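Working through the structure, step by step
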Amino acid sequence: WDNADFSKGIGTTFYQEFHTLNTAKPPFVRDVEAKIRRYLRSSYSAAWTLKITWEKAPAYAARTDTRRTNTYQAVLTTDGFKSYVLMLYQEGGMQWDYTRLAATNALIGYT
């Protein structure tokens with residue numbers, strides 16, 4: 001995600017934090033818990049969740065192409081013992097033209 005370039009005033013980044021230990025859980029947190037249970041086959045009850053959204057982010061350097069933007073999210077969550085990261089991308093995957101990026105070995109994901 002370090003190749004996003006917001007210097008031209010296009011796109012935005014925002015976040016929302018959910019403290020859910022001993023409190024009612026909003027639908028978003030219940031959906032995160034359901035995804036973890038479904039895909040990881042693990043019982044899970046979130047105590048804290050952070051949703052970060054990059055909306056309509058142009059690729060670095062924005063001066064070359066501001067038409068191809070991406071919207072993606074990272075969701076960090078923990079129950080105090082186990083922690084998970086969900087990486088969510090707009091339908092159709094990344095829209096940046098990777099052949100025009102400074103580094104042509106761009107990957108979706110993390111290591």
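Here, the structure is the one placed above.
The numbers attached to residues start from 1 for each chain and follow its sequence in the written order. Thresholds applied to this predicted model are a pLDDT of at least 70 for local features of residues and 80 or more for the giving and counting of side-chain atom pairs; totals over whole chains, interfaces and linings are not thresholded and use all residues. Note: side-chain values were computed over all heavy atoms of the structure, leaving out hydrogens and water.

Quick look at the side chain of Thr78
The following threshold applies: In this description a helix means any DSSP run of H or I spanning at least four residues, a strand means any run of E spanning at least two, and both kinds are numbered starting from the N terminus. Counted as a polar contact is a pair of N or O atoms within 3.5 Å, where, for protein atoms, one must be capable of donating a hydrogen and the other of accepting one, and residues adjacent in sequence contribute only when both atoms are in side chains.
Mapping Thr78 onto the fold places it in strand β3 (residues 69-78). Separated by 3.0 Å, the side chain of Thr78 and the backbone nitrogen of Gly80 make a polar contact.

Details of the packing of aromatic side chains
What counts is decided by this rule: Stacked, tilted and edge-to-face are the three classes applied to pairs of Phe, Tyr and Trp rings, where Trp contributes its six-membered ring and a pair requires centres within 6.5 Å; stacked means planes under 30 degrees apart, edge-to-face means over 60, and tilted covers the rest.
Under the counting rule described, the total for this entry stands at four aromatic pairs. Pairing Phe18 with Phe28 gives two aromatic rings, centres 5.4 Å apart and planes at 25 degrees, and the pair type is stacked. Here the residue Phe18 occupies a position in strand β1 (residues 12-19), and Phe28 occupies one in helix α1 (residues 27-40), the gap between them amounting to 10 residues. Members of the aromatic cluster, each reached through a chain of ring pairs, are Trp54, Tyr72 and Tyr89.

Section: the sheet that holds β1
Put simply, the test is: Pairing between strands requires that DSSP locate at least two bridges from one strand to the other. Axes here refer to lines fitted to C-alpha atoms; in helices the fit is confined to the stretch in contact. Angles between the N-to-C directions go from 0 to 180 degrees.
Ordered by their spatial adjacency, four strands build an open sheet running β1-β2-β3-β4, and the pairing between neighbours is antiparallel. The open sheet terminates on both sides in strands that have one partner only, identified here as β1 and β4 (83-89). Between one strand and the next, the sheet's axes are offset by a mean angle of 10 degrees, whatever the strand orientation. Sheet analysis places β3 next to β4, joined by seven bridges and oriented antiparallel.

Quick look at the environment of Arg38
What counts, and what does not: Burial status follows relative accessibility: with a 1.4 Å probe on protein chains alone, a residue under 20% of its type maximum counts as buried, one over 50% as exposed, and anything between as partly exposed.
Following the sequence through the fold, Arg38 ends up in helix α1. Its relative accessible area of 60% is what places Arg38 among the exposed residues. Among the polar contacts listed, one links the side chain of Arg38 to the side chain of Tyr39, at a separation of 3.3 Å.

Focus on the pairing of strand β2 (residues 48-58)
The element β2 is largely enclosed, with a buried count of eight among its 11 residues. As judged from the eight bridges shared by β1 and β2, these two strands associate in the antiparallel manner. Considered in β2, the bridge of Gln16 is made with Lys51. Two elements, β2 and β3, share nine bridges in a ladder whose sense is antiparallel. Within β3, the residue paired with Leu50 across the bridge is Leu76.

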